[in-house]
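Take a look at the letters that make up each chain.
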Amino acid sequence: MTQPRGHRTQAQRREQTRNALLDATIDCLIELGYARTSMQEICARAGVSKGAAQHHFADKAELMAAAVEHLTNKRMAELSESLGSLPHGVDAIPAAIDRLWAGYSGALATASTELWVAARTDPALRAAIRPVDRALGRATLAQIRGLTADLPPERTELLFWLTVNLTRGLALDAELGGAPARRKQLLEEWKRVAAAQANGE
């Protein structure tokens, strides 16, 4: 039997409310930071009463743990889409570095940084972040390996993790007001070095 247009099941309404709360959480992390993100602000942005929110998440800690996975899935989708259009082989390396820089320095990455800083002193949040962050790294590395199948896997993996850590550091530099010209220079130099390493130079 066909449902009337616009009719949503209870499960669909619950999922929509849950996603609205998670998206509002990410927006708050980006705009306000972790310390200033409150359940009241999240509920206001999501258009959900505090009582209704508690049917989905008992408290801020539980909501943040769910937001970690929600955020990681969004970042994974963005990175996957951007990497999917790249050429294969050594020629993919400079472009892949640009895509990784965009993925690890954008608005979603800012939200991730807020959560990582908070996790330093919050064991429960740290436990929630670690597995999904590792899953993001593994999935992205698998896609990079698909683009550079002609390179030794261990070399691809080394270049990947060096790039991830460099871009994370540069993203933090950007958050702290570092010079854009210097970041651009460092990225360009790393692209040159990475391409040379991939070629065995």
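From a predicted model like this one, the values you see are computed outputs, not experimental measurements. (Residues numbered from 1 in each chain as written. Predicted model: local features only at pLDDT ≥ 70, side-chain atom pairs only at ≥ 80, totals over all residues. Heavy atoms only, no water.)

Peer 1: When you look at helix α1 (residues 10–32) in this model, what are you seeing that I'm missing?
Peer 2: One full turn of an α-helix is made of 3.6 residues, so residues set three or four places apart face in the same direction. With 23 residues, α1 extends 32 Å from end C-alpha to end C-alpha; this agrees with the ideal 33 Å at 1.5 Å per step. Of the residues making up α1, those classed as buried are Leu 21, Leu 22, Ala 24, Thr 25, Ile 26, Cys 28 and Leu 29. Against α2 (39–46), α3 (50–53), α4 (60–83) and α6 (107–119) lie the buried residues of α1. Among the residues trailing α1, Gly 33 stands out with phi positive, at a value near 90°. (Helix = DSSP H or I, 4+ residues; strand = E, 2+ residues; numbered from the N terminus. Expected span 1.5 Å × (residues − 1). Buried < 20%, exposed > 50% of the residue type's maximum accessible area, 1.4 Å probe, protein only. Contact = heavy atoms within 4.5 Å.)

Peer 1: What is the right way to read empty space enclosed by the protein from this model?
Peer 2: If a probe the size of a water molecule is rolled over the atoms, the empty space left behind becomes visible. Under the counting rule described, the total for this entry stands at two cavities of 30 Å³ or more. In this structure, the largest cavity spans a volume of roughly 140 Å³. At the level of elements, α5 (92–105), α7 (123–147) and α8 (153–175) are the ones that each hand at least two residues to the lining of the largest cavity. Examining the composition of the lining of the largest cavity, we find that five residues originate from one element, α5, more than from any other. Considering only residue class, the lining of the largest cavity consists of eleven nonpolar, three polar and no charged. (1 Å grid on protein atoms, 1.4 Å probe; cavity = no way out; pocket = protein on both sides within 12 Å on 5 of 7 lines; lining within 4 Å. Points joined across faces, edges and corners; volume = space filled by probe spheres on them. Nonpolar A, V, L, I, M, F, W, Y, C, P; charged D, E, K, R; others polar.)

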